[in-house]
Amino acid sequence: MDTSLHRWISARLEATGPVPFARFMEWCLYHPEYGYYTAGRVRVGDDAGDFTTSPHVSTVFAACVARFVTTLDRALGHPPAFTLIEGGPGEGRLAGDLLDTLARREPGLYGRVAYHLDEISPALRERQHRALEGHSERVRSGLPQHRVTGLYLSNELVDALPVNRFIRRGEELLEVWVEWDGKGLHEVLRPPADPAVAAMAEALDPADGCLVEVRPGAGPWLERAAACLERGAIVTVDYGDAAHRLFGPHRPGGTCVGYRGHHQSAELLAAPGEQDLTAQVDFTDLARRGERLGLVNAPLRKQREFLFAAGLLAELEELEASDRTDLEKLQLRQAVAPLLMPGAGMGDAFKVLVQTKGVEEPF
């Protein structure tokens with residue numbers, strides 16, 4: 001598809017030559033004028049969305065996160081101010097449901113909360129503030145200006161950080177680049193652009209003929225999140241796994257895909273700026289980076305394990321005890337099911353990594 005960004009990229013590559021795939025992905029998602037996220041083209045939800053997230057599936061997700069926040073607040077000794085920071089808050093759905101739940105169940109904690117929206121997209125910032133008008137006294141834009149006590153939360157943020165893609169050909173490690181040949185965009189294999197990034201790929205010990213992906217931006221992101229906290233936790237929710245389960249002969253093409261209209265596509269170069277590009281998260285890398293920053297890693301959990309630990313059964317018991325109609329209860333129970341689906345469903349495919357600083361992991 002010949003989009004505005006397609007024309008911009010074509011002209012850029014014609015003038016300067018090929019670029020590593022990570023640069024192409026960065027342009028597609030974050031170009032200031034035409035990027036999928038920065039221009040506000042991102043659409044989330046079941047109706048007209050390109051993809052859906054756990055907070056859009058059921059409010060129970062946010063309710064369980066609220067229970068985690070309450071438990072963390074207790075572990076921190078009920079600090080006078082509890083700061084919640086959400087990285088990449090999308091359209092504000094999780095923030096709204098989380099604040100609604102705290103206001104209803106934990107008014108004392110709600111009154112101590114400052115909720116910071118760590119968002120780079122002006123279009124999404126506007127949507128977030130519209131969605132959170134009822135909590136305007138609690139909501140802030142950007143990161144806090146000093147170290148705080150509380151929680152940095154990211155839900156499906158890290159998967160959208162650009163990845164460099166590499167493949168082993170015999171003894172040689174080659175990188176995937178994107179070129180313009182005068183007619184179209186194509187992937188080509190060339191020597192790695194950056195030895196340090198190539199070393200990250202080498203550390204994964206890629207099998208011959210198999211693609212691997214590395215995400216250099218994960219380090220600076222985690223360092224930035226950790227620098228915000230005096231004491232507290234970083235919770236990363238995303239689809240991915242330990243490195244040895246992500247890459248190898250069982251997945252020779254790597255994990256990078258496009259999403260548009262809830263359809264997954266392997267055509268990564270198609271419709272630049274009009275589709276989401278994403279790759280699964282290497283939680284082994286995040287855990288190692290956290291250790292170097294002085295964070296303490298809890299065991300990696302599947303999303304359903306995290307939700308049960310946070311209090312999912314109590315949420316379901318409250319649902320059954322409520323005065324909702326039988327039909328409403330059935331609909332709400334059905335909405336929870338996708339969050340727990342095993343195999344390739346959200347329950348297993350999504351993982352949760354809790355990393356703490358100056359406090360023990362709450363559960």
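Higher on the page you've got the structure.
Residues numbered from 1 in each chain as written. Predicted model: local features only at pLDDT ≥ 70, side-chain atom pairs only at ≥ 80, totals over all residues. Heavy atoms only, no water.

Draft legend 1. Molecular detail of the environment of Arg 168. Checked against the element boundaries, Arg 168 lands in strand β6 (residues 164-169). Spatially, the C-alpha atom of Arg 168 lies 20 Å from that of Ala 242, the residues being 74 residues apart in sequence. Excluding residues that lie within four positions of it along the chain, Arg 168 makes contacts with Leu 173, Glu 202, Pro 206, Ala 207, Asp 208, Gly 209 and Cys 210. In this structure the side chain of Arg 168 is engaged in a polar contact, spanning 2.8 Å, whose partner is the side chain of Glu 202. (Helix = DSSP H or I, 4+ residues; strand = E, 2+ residues; numbered from the N terminus. Contact = heavy atoms within 4.5 Å. Polar contact = N/O pair within 3.5 Å; in protein donor to acceptor, adjacent residues only side chain to side chain.)

Draft legend 2. Layout of the pattern of salt bridges. Here the structure, examined in full by the defined rule, presents 19 salt bridges. A salt bridge links Glu 26 to Arg 23; the nearest nitrogen and oxygen atoms lie 3.6 Å apart. You can see Glu 26 and its partner Arg 23 sitting in helix α2 (residues 21-30), three residues apart, about one turn around the helix. Taking relative accessible area as the criterion, Arg 23 reaches 40% and is therefore assigned partly exposed. Here Arg 105 makes a salt bridge to Glu 315, at a shortest N to O gap of 2.5 Å. Note that Arg 105 is positioned in helix α5 (residues 93-105) and Glu 315 in helix α13 (residues 312-321), a separation of 210 residues in sequence. (Salt bridge = Lys/Arg side-chain N within 4 Å of Asp/Glu carboxyl O. Buried < 20%, exposed > 50% of the residue type's maximum accessible area, 1.4 Å probe, protein only.)

Draft legend 3. Quick look at helix α8 (residues 195-203). Three or more residues of α8 are buried, namely Val 197, Ala 198 and Ala 201. An end-on view of α8 places all buried positions within 100° of arc, on one side of the element. Exposed side of α8, more than 90 degrees from the buried face: Pro 195, Ala 196 and Ala 203 are the residues found there. Looking at the packing, one finds that the buried side of α8 touches β6, β7 (172-180) and β9 (211-214). Sitting at the head of α8, Asp 194 places a side-chain oxygen 2.9 Å from the backbone nitrogen of Ala 196. (Arc of directions from axis to C-beta.)

Draft legend 4. Region of the structure containing the nonpolar core. Counting residues in each nonpolar core, the largest one holds 43 residues, and the members touching the most others are Phe 82, Leu 84, Leu 102 and Leu 151. Looking at this core element by element, the count peaks at nine residues for helix α4 (residues 59-75). If sequence neighbours within four positions are ignored, Leu 84 has contacts with Val 69, Leu 98, Leu 102, Val 113, Ala 114, Tyr 115, His 116 and Leu 151. Core analysis: the second largest hydrophobic core is formed by 26 residues, Val 19, Ala 160, Leu 185 and Leu 269 among them. (Core = buried A, V, L, I, M, F, W, Y, C linked by side-chain atoms within 4.5 Å.)

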